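# Understanding the architecture of this molecule
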Amino acid sequence: MAIIEVNDLVKRYGDHTTVKGVSFAVEQGEIFGILGPNGAGKTTTVECVEGLRTPDGGNVRVCGIDPTRDTGELRELLGAQLQQSELPARLTVGEAMRLYSSFYRDPVDWRELLDALRLGDKVDTRFGRLSGGQKQRLSIALAVIGGPRVAVLDELTTGLDPQARRDAWDLIEDIRDRGVTILLVTHFMEEAERLCDRLAVIDAGRLVALDTPAGLVARVDDRQRVRFRPSAPLDHAVLAALPEVASVARAGSQLVVTGSGNLLHAVTTALARHQVVAADLRVEQATLDDAFVALTDRPVDA
Ligand SMILES: Nc1ncnc2c1ncn2[C@@H]1O[C@H](COP(=O)(O)OP(=O)(O)OP(=O)(O)O)[C@@H](O)[C@H]1O
């Protein structure tokens, strides 16, 4: 059953159309990722789902509810991650949890939630004294304190160190295991690959792909890369002329040959013909990064 439906969503700011007819449906229990370059319209899209912005075209439904009309109902169903700046530095963790619990009809047990998020010993700690990772965990706690069916997490792990990021991933999985559907905006390929059941790739306001992480990689899977250091100068045209080769590029002292089919055999045979030895030779298969670049024509943080 689709718990979030976004149908032909359009959103404009002045003359600029930021979201240009995006459609997707998120199924109950999924971790659904939205991936895209800076300025692609990801946040605007999820803000329409959260009821923070009114669409200029198309519509959004969360559990059948129109987020811009039934705001009271939506608040019980959807938990949004808080921006860190929204909490006063002097508020303690316990005070924040009590305050936010009071907003909901049927909140979860906040002490149990803090324990689950490894913040149980921080009840009396002021927000301003928490580390970045602890603040992020608290913002997840506040997003799910109302016992929502859907949690929206936007750039949750940006600015966290690798360990804190992994902890946040475990947490998100725990929350999904409690039955919460998660809509996640992310810049991190590793995060998208590890966490998301499906991904919507948005570029310049349009949906360019919607698939599982493995499905997205499979779209560029025929692209392999052979990387090596040639023992002698080699005219790129020798390799570029091979039918298996799509591109030849230099990366420092290495050549990177992209292509398909029996690429390795074709390249090594051509090198042997020109008495060139390939040192440090590596064959690389496509990754989600490659799929992203192929789909959007640019690296994720361009
Ligand atoms: N309130 C606003 N008023 C005017 N323009 C806006 C507003 N919010 C966003 N924009 C513009 O809309 C475009 C998309 O912004 P949005 O934040 O949705 O993108 P994003 O994909 O989330 O980007 P990022 O990855 O950088 O957060 C950008 O060009 C942005 O400058």
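What you see is a predicted model; the values in this text were computed from it and never measured.

This paragraph deals with the overall build of the protein. From N to C terminus, the protein includes eleven helices and 13 strands. Overall, the C-alpha framework of the protein stretches about 75 × 45 × 35 Å when taken along its three principal axes. Residue pairs in contact within the protein that sit at least 24 positions apart in sequence constitute 70% of those at least 6 positions apart.

On to the packing of helix α3 (residues 93-101) against helix α5 (residues 132-144). Relative orientation of the contacting elements α3 and α5 amounts to 20°, with a least axis distance of 10 Å. If you check the angle between α3 and α5, you find them roughly parallel. As for how α3 packs across α5, the hand of that crossing is right-handed. In contact with V93, A96, M97 and Y100 of α3, α5 contributes L138, A141 and L142.

With that settled, the discussion passes to the sheet that holds strand β10 (residues 224-230). The four strands lie next to each other as β11-β12-β10-β13, forming an open sheet whose pairing is antiparallel. With partners counted over all chains shown, the strands left at the sheet margins are β11 (245-251) and β13 (278-284), one partner each. For this sheet, the mean inter-axis angle between neighbouring strands, taken without regard to orientation, is 20°. Inspection of the sheet shows β10 paired to β13 by five bridges, in the antiparallel sense. Residue V226 lies in a different strand from β13, and its bridge partner there is V283.

To continue, consider the site of the ligand. As a structural note, the neighbourhood of the ligand is formed by Y13, T18, G36, N38, G39, A40, G41, K42, T43 and T44. Among the residues making up the shell around the ligand, the classes are represented as two nonpolar, seven polar and one charged.

Our focus in this paragraph is the sheet that holds strand β6 (residues 150-154). If you trace the six strands from one edge of the open sheet to the other, you get β5-β6-β7-β3-β8-β9, paired in mixed fashion. Single-partner strands in this sheet number two, and they are β5 (78-80) and β9 (206-211). Taken over all neighbouring pairs, the strand axes of this sheet differ in orientation by 20° on average, direction set aside. Here β6 runs beside strand β7 (residues 181-186); their pairing, made up of five bridges, is parallel. Bridged to A151 within β7 is I182. Of the strands in this sheet, β3 (31-35), β6, β7 and β8 (198-203) are in contact with helix α1 (residues 42-49), which crosses β7 at around 155°.

Positive phi, normally seen in glycine, also occurs at E155, with a value near 55°. Considering the arrangement of structural elements, one finds E155 in the loop between β6 and α6 (162-177). Since 14 C-beta atoms lie within 10 Å of it, E155 is described here as partly exposed. Its identity is not glycine, yet Q275 carries a phi of approximately 50°, on the positive side. Positionally, Q275 belongs in the loop between α10 (263-273) and β13. Assessed through the 9 C-beta atoms surrounding it within 10 Å, Q275 is described here as exposed.

This next bit is on the domain arrangement of the protein. Domain boundaries in the protein define domain 1 (2-211) and domain 2 (222-286). When each unit is reduced to the centre of its C-alpha atoms, the spacing between domain 1 and domain 2 is 44 Å.

What counts as what
Residues numbered from 1 in each chain as written. Predicted model: local features only at pLDDT ≥ 70, side-chain atom pairs only at ≥ 80, totals over all residues. Helix = DSSP H or I, 4+ residues; strand = E, 2+ residues; numbered from the N terminus. Contact = placed C-beta atoms within 7 Å. Axes fitted to C-alpha atoms, helices over the stretch in contact; angles between N-to-C directions. Parallel < 35°, antiparallel > 145°, perpendicular 65-115°, else oblique. Left-handed = near helix turned anticlockwise from the far one by under 90°. Pairing = 2+ DSSP bridges. Near = placed C-beta within 6 Å. Nonpolar A, V, L, I, M, F, W, Y, C, P; charged D, E, K, R; others polar. Buried ≥ 20, exposed ≤ 12 C-beta atoms within 10 Å, placed from the backbone. Domains from an automatic or database assignment.

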